[in-house]
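The lines below spell out each chain.
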Amino acid sequence: MKLVATGFLLGATVIYALARWQEAAGAPAWVGYLRAAAEAGMVGALADWFAVTALFRRPLGLPIPHTAIIPTRKDALGRNLGDFVGANFLAEPVVRDKLRRAAVARRLGTWLAEPAHAERVTSELATAVRGAVTVLRDEDVQAVLEQSVVRRLVEQPWGPPLGRLLGHVFADGTHHRLVDLICDEAYEWVRNNHMAVLRVVANRAPSWSPRFVDELVADKVYGEVLSFAWSVKTDPHHPMRLAVDKFLVEFADDLQHDPDTIERAEQVKQQVLEHPEVRNAIGSFWSTAKRMLLDAAEDPGSELRRRVRDGLVTLGRRIDSDPELRGKVDGWLEGAATHVVTNYRAEVTALITDTVERWDAKDTARKIELQVGRDLQFIRINGTVVGALAGLVIHTVSQLLL
């Protein structure tokens, strides 16, 4: 395009030179019109060549003021571009209006309602989870667990909250099933361990006592124990059961209000937390959870991925069919977007400004010229043609008036 534009200038120059030569040789009057058009075309071509060239470099290398505009004003242009983007694209009203017209929530709901799309999102989430879990170092996670979990367990007293919990459980009677189980197991043990009871009685009997007397006493004791266990098992209002209930209620109250009981609970807590098995369990918790997460994320048919996929489909259908929920989602999106543009607009525009400032001035001018230079050469061509027409008109008018 440079060659074409330069060709127009050379053509106008040749025509002007031939016309002047013919005029000097006594050519007809119409040659003067041709000479005037060619002369004005040369002026227009040179003026536009200067204007186009001055954008990117100094014409003929001369230090003419207000030339090489892009290389010398690159940083200012970058700042102006950043300010323009911030004021016209990252303004809060513009962002809100664009999001409202885009109807993001409706589109998102319709898109998520498709099982194939929900599966795609689930797959991407699984990939993200695998990446995050793989990047985390086990020792770092274990340290965080020990600091956040174990420390909180150590700092918080166990007695009062445990007492309140047990108090609610005992007040509701939920513990009766556990008591029933204990009574059933106690009765089954007594019934199935007749010989054990006999041995206990025999071992406790005096050495001078006859054996048959020991056996009679042991049988009697066994029968009484078995009868007692059966009564406790079958009678919900047995005094033994009532005594257990009373003891448990008093124990729950002591855990909340009795300093000695609270102190003993703290001692038990320390013993439990300092036990090697407990610490090993805390250390292996992350390894177990990590393995479970990786297995669930890698298996497309896992329960976790199935639930996530079904949940996304359900969410998409709800958003698509529920105007109130859709309005909430749109409100959240608008709020998030406006928060970003309000608080981080300067950082976004600074990214543009800093990027332009890091560009080399000559390379920047060259890149811009390669992008828009073809159209700018048409300015030179148009300048030649328009200048020639203007010169022709001016010469014609002057001939008619003078």
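Residues numbered from 1 in each chain as written. Predicted model: local features only at pLDDT ≥ 70, side-chain atom pairs only at ≥ 80, totals over all residues. Heavy atoms only, no water.

## A word on the packing of aromatic side chains
What characterises a pair of aromatic rings is the spacing of the ring centres plus the angle enclosed by the ring planes. Our working rule: What counts as a ring pair is set by centres within 6.5 Å for rings of Phe, Tyr and Trp (its six-membered ring), and what kind of pair is set by the plane angle: stacked under 30 degrees, edge-to-face over 60, tilted for all other angles. Each residue is assigned to one of three classes by its accessible area relative to the maximum for its type, calculated with a 1.4 Å probe on protein chains only: buried under 20%, partly exposed between the two thresholds, exposed over 50%.
The full count for this structure, using the stated rule, is 1 aromatic pair. Taking 5.9 Å as the distance between ring centres and 70 degrees as the angle between the ring planes, the aromatic pair formed by Phe84 and Phe89 counts as edge-to-face. The exposure class of Phe84 is partly exposed, given its relative accessible area of 44%.

## Quick notes on the confidence of the model for the chain
We apply this condition: pLDDT measures the predictor's confidence residue by residue and takes values from 0 up to 100. Strands here are runs of E lasting at least two residues and helices are runs of H or I lasting at least four, both read from the DSSP assignment and numbered beginning at the N terminus.
Summing up the model confidence of the chain, the mean pLDDT is 80 and the portion of residues at 70 or higher is 87%. In the model of the chain, helix H8 (residues 138–155) stands out as the element of lowest mean pLDDT, 66, in contrast to helix H1 (residues 2–24), which has the highest, 90.

## Digging into the packing of H1 against helix H18 (residues 361–401)
The condition is simple: Axes here mean lines fitted to C-alpha atoms, for a helix over just the part in contact, with angles spanning 0 to 180 degrees between N-to-C directions. Roughly parallel means an angle under 35 degrees; roughly antiparallel, over 145; roughly perpendicular, 65 to 115; everything else is oblique. It is the rotation of the near helix from the far one that decides the hand of a crossing: anticlockwise by less than a right angle makes it left-handed, clockwise makes it right-handed. Working rule for contacts: check all heavy atoms of both residues, and any pair within 4.5 Å makes them a contact. Three categories are distinguished: nonpolar for Ala, Val, Leu, Ile, Met, Phe, Trp, Tyr, Cys and Pro, charged for Asp, Glu, Lys and Arg, and polar for the others, with Gly belonging to the last.
Contact geometry of H1 with H18 gives a least axis separation of 8 Å together with a crossing angle of 15 degrees. If you check the angle between H1 and H18, you find them roughly parallel. Here H1 runs over H18; the crossing is left-handed. Residues Lys2, Val4, Ala5, Thr6, Phe8 and Ala12 of H1 touch H18, and the partners they reach there are Glu369, Gln377, Arg380, Ile381, Thr384 and Val385. When its residues are assigned to classes, the contact of H1 with H18 shows 6 nonpolar, 3 polar and 3 charged.

## Examining the nonpolar core
What counts here: Only buried Ala, Val, Leu, Ile, Met, Phe, Trp, Tyr and Cys residues count toward a nonpolar core, and they belong to the same one when joined by side-chain atoms within 4.5 Å.
In this structure, Val52, Phe56, Ile70, Ala365 and Leu376 together form the largest nonpolar core, which totals 5 residues. Where this core is concerned, the elements lending two or more residues are helix H2 (30–56) and H18. Residues contacting Ile70, with those up to four places away along its chain left out, are Leu55, Phe56, Leu77, Thr364, Ala365 and Ile368.

## Things to note about a nonpolar patch on the surface
To keep things clear, this is the line we draw: Only residues whose relative accessible area exceeds 30% and that take part in no salt bridge are eligible for patches, with like-charged residues grouped when within 9 Å of each other and nonpolar side chains (Val, Leu, Ile, Met, Phe, Trp, Tyr) grouped when within 5 Å. For the accessible areas, the method is Shrake-Rupley and the probe is 1.4 Å, while residue cover comes only from the protein chains on display. Every case where a carboxyl oxygen of Asp or Glu lies within 4 Å of a side-chain nitrogen of Lys or Arg is listed as a salt bridge.
The grouping of Leu125, Val129, Leu293, Leu304 and Val308 at the surface amounts to a nonpolar patch, some 350 Å² of accessible area in total. Breaking the nonpolar patch down by element, the ones donating at least two residues are helix H7 (115–135) and helix H16 (303–321). In this structure, Leu293 sits in helix H15 (residues 276–298). Residue Leu293 is classed as partly exposed on the basis of its relative accessible area of 31%.

## Description of the pattern of salt bridges
Under the counting rule described, the total for this entry stands at 15 salt bridges. Notably, a salt bridge pairs Glu39 with Arg35, separated by 3.3 Å at the nearest N-O pair. Of this pair, Glu39 and Arg35 both sit in helix H2, 4 residues apart, which is roughly one turn of that helix. You can call Glu39 partly exposed: its relative accessible area is 34%. For Arg35, a relative accessible area of 16% puts it in the buried group. With its nearest N and O atoms 2.8 Å apart, the salt bridge here joins Glu303 to Arg307. Note that Glu303 and Arg307 are positioned in helix H16 at a spacing of 4 residues, about one turn of the helix. Under the relative-accessibility criterion, Glu303 is labelled partly exposed at 39%. A relative accessible area of 57% places Arg307 in the exposed class.

## Overview of the environment of Arg106
By the secondary structure assignment, Arg106 is in helix H6 (residues 104–112). By relative accessible area, Arg106 is classed as partly exposed at 41%. Along the primary structure Arg106 and Asp322 are separated by 216 residues, whereas in three dimensions their C-alpha atoms are 9.6 Å apart. Dropping the residues within four chain positions of it, Arg106 is found in contact with Asp320 and Arg326.

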